[in-house]
Amino acid sequence: MASAVDTGVQSGRFWRVLIYVTLIVFAAFYLLPLFVMLVTSFKSLDEIRQGNMLALPLEWTIAPWISAWGSACVGLTCEGIHGYFGNSIKMVVPSVLISTLLGALNGYVLTKWRFPGHRWIFGLMLFGCFIPFQIVLIPMSQVLGLFGLAGTTAGLVLVHVTYGIGFTTLFFRNYYEAFPNELVRAAMIDGAGFFRIFWRILLPSSGPIIVVTIIWQFTNVWNDFLFGASFAAGQSAPMTVALNNLVSSSTGVKEYNVHMAAAMIAALPTLLVYILAGRYFVRGLMAGSVKG
Amino acid sequence: MSSLSIRDVHKAYGPTEVLKGIDIDIDSGDFLVLVGPSGCGKSTLLNMIAGLDSITSGEIRIEDKVVNDTHPSERDIAMVFQSYALYPNMNVEKNISFGLEMRRMPRKQRRERVAEVAQMLQIEPLLKRKPSQLSGGQRQRVAMGRALVREPKIFLFDEPLSNLDAKLRVDMRTEIKKLHQRLGSTIVYVTHDQIEAMTLATKIAIMKGGVLQQLGTPAELYNQPANMFVAGFMGSPSMNLIPAELVASDGEPAVRMVRKDESSMLLPVGDNPAYRDWIGKPVILGLRPETITDVGSAEQDSPLLFQGECLIDVTEPTGADVFAIIELNGREVVGRMRASCGAKVGEKLSVVFNMRHAVLFDPQTEGRIG
Ligand SMILES: Nc1ncnc2c1ncn2[C@@H]1O[C@H](COP(=O)(O)OP(=O)(O)OP(=O)(O)O)[C@@H](O)[C@H]1O
Ligand SMILES: [Mg+2]
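Only a predicted model underlies this, so the values are computations on that prediction, with no experimental measurement involved. (Residues numbered from 1 in each chain as written. Chains lettered and ligands numbered in written order. Predicted model: local features only at pLDDT ≥ 70, side-chain atom pairs only at ≥ 80, totals over all residues. Heavy atoms only, no water.)

Observations concerning the overall build of chain B
Logical step 1: Across its full length, chain B carries eight helices and 22 strands.
Logical step 2: When contacts within chain B are restricted to residue pairs at least 6 apart in sequence, long-range pairs at least 24 apart make up 67% of them.
Logical step 3: Side-chain charges of chain B comprise 44 positive and 47 negative groups, with the mean position of each set lying 9 Å from the other. (Helix = DSSP H or I, 4+ residues; strand = E, 2+ residues; numbered from the N terminus. Contact = heavy atoms within 4.5 Å. Lys, Arg positive; Asp, Glu negative; His and termini not counted. Charge placed at Lys NZ, Arg CZ, Asp CG, Glu CD.)

Below is the structure:
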């Protein structure tokens, strides 16, 4: 009996070691590109030409970062990517805020103020989540043209809000589905109206799902290339498009270190959002998926 | 003055009729308890009084004003929910004052009212806490505070004690009762616990399947149940319902009881004029366990005491009393004896039947005779 228990523990330890080794190998494998990007962005061009991609820089330099930010040539202008970074910020902040707020409002109505046909509306919104981007490109450009928003950041915001609303509604609906109706009723008796209940009772209790939605929307909108390339050319292009132009428009020598630095700058905001709010992300996903 | 009046209220969800014509009237200061088995429509009725759900037909008046189409916030009611429904994002103080804030009461006045209520419910040390940091009993108190602070015309409670453990439930029951006696407020209280109903109510409305079975004081429901359902629902252990034949014995109506050893006895049921028509017909005799006793604990001044030897089948000691089960007309019948009466399983005991409180039911309609 005792020996049986022993081997149980032994094999348990063996498997655990195996699992850890596997996980570490995979983690290293996935982190390798990031590592290469990072070290390359701190090397001088000479050093890069000499060879070993994986080696740490012999001489650390932040010149590539400064160049990427302020003086690298994107297309015809050589002012770095900072303007496009600003474009992306101007696009992502309103897109995320508006789509999150609208999603919350939709979720609230779809769970607490049900109307005939609410299932259909929700079904259609869900359907909207699964329409491939390419299908809407042409109709969307017509709509933007109609509104006079073609080629502007405001137009991009509209596109991203429209596209994001399906997902944000889904998140909030599932979250509010589990939110007790009695609280809404209590607030009604207390004399709070439609918006008051939303602002004072539901929204303050929605922390986790707000974080989930913001992360989701932020990553999607920030990383989007297709809409950015299609609807906002030239000076109003977002970061992703500028990065592409930077890489493809460099004449003469390919400045890998500058490219890598620019790519790092482009990836930094999403990375930051994950680091700051990542643990709420998982928690919120769980909370939302328990019921609904 | 009539404080709440419910007239012929129907409610249907699609084809299913949940309330089938409810009529209830209570006066100001009444403590009305709605009881009934699960799914009988108690919460539905309460929600309609609150205005959280619309009625299909009928009329609800609060202090003589028809409120059928009045918004919940304008009905001057306050509700305590089964789950307490405390706002999780606000502390206790905010929870209690939220309703006042929505009614645009100035901050200073709000503070005073909250302090007053907090003192009454002894929750002053908890005012800055969030609901998640409270125990079940404390949450219950806060929920009551939220209702009390508004000083409404009617308080509505939906099973407010069912989430508490047994001991706390008894304590809070007493507190609610004291509160009612102190404030004299009108209360409608839903429960499916008949003991809660008996102890708290000044009036009980007992429902079954969306139909009001009886409305009356606890004593009325207990002593003169309108039908067999009410008789069986109120009281624990519940009333014995024994099929029997009504016969005339010396010109007085009596029921014939056959004991386990085949010997029969006649128990006179008192001279109620309504019984005359039933002589020679089958009836259901209703006898509460406490009217079937040992000789020593019989109600001595009752004019209708009858004694007979009965075989004890089972005994269930509860401490002070022992419930003894005997067989009459092929039914198990529970009697309540003193623990010291010496009832032993398999032995005969002299049992006293106090027929003063006996009731008879029509076996067909199940309604009470007389
Ligand atoms: N929205 C609804 N749609 C359809 N049927 C409903 C709806 N709400 C309640 N019912 C039905 O109405 C009946 C009464 O429900 P109600 O909640 O009033 O019961 P209750 O007496 O409060 O029971 P409990 O003691 O279990 O709380 C139940 O049979 C229930 O299934
Ligand atoms: Mg109920």
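Quick word on the environment of Gly232 of chain B
Residue and element names in this part refer to chain B.
Logical step 1: Position of Gly232 relative to the elements: it lies in helix 8 (residues 228–233).
Logical step 2: Gly232 gets classed as partly exposed once you look at its relative accessible area, which sits at 30%.
Logical step 3: Gly232 sits 54 residues away from Gly286 along the chain, and the two C-alpha atoms are 9.2 Å apart. (Buried < 20%, exposed > 50% of the residue type's maximum accessible area, 1.4 Å probe, protein only.)

Points about the domain arrangement of chain A
Residues and elements named next belong to chain A.
Logical step 1: Domain boundaries in chain A define domain 1 (2–61) and domain 2 (71–287).
Logical step 2: Domain 1 and domain 2 are separated by 33 Å when their C-alpha centres are compared.
Logical step 3: In this assembly, ten residues from domain 1 lie in contact with nine residues from domain 2.
Logical step 4: Together, the buried faces of domain 1 and domain 2 total about 740 Å²; carbon and sulfur atoms form 82% of this surface.
Logical step 5: Linking domain 1 with domain 2 are zero salt bridges.
Logical step 6: Remark: the boundary between domain 1 and domain 2 carries one residue pair in polar contact (both at pLDDT 80 or more).
Logical step 7: Elements with a minimum of two residues in the side of domain 1 that touches domain 2: helix 1 (2–41) and helix 2 (45–50).
Logical step 8: For the side of domain 1 that touches domain 2, the leading source of residues is helix 1, giving five residues.
Logical step 9: Broken down by class, the residue content of the side of domain 1 that touches domain 2 amounts to five nonpolar, three polar and two charged. (Domains from an automatic or database assignment. Buried area = accessible area lost by both parts, 1.4 Å probe. Salt bridge = Lys/Arg side-chain N within 4 Å of Asp/Glu carboxyl O. Polar contact = N/O pair within 3.5 Å; in protein donor to acceptor, adjacent residues only side chain to side chain. Nonpolar A, V, L, I, M, F, W, Y, C, P; charged D, E, K, R; others polar.)

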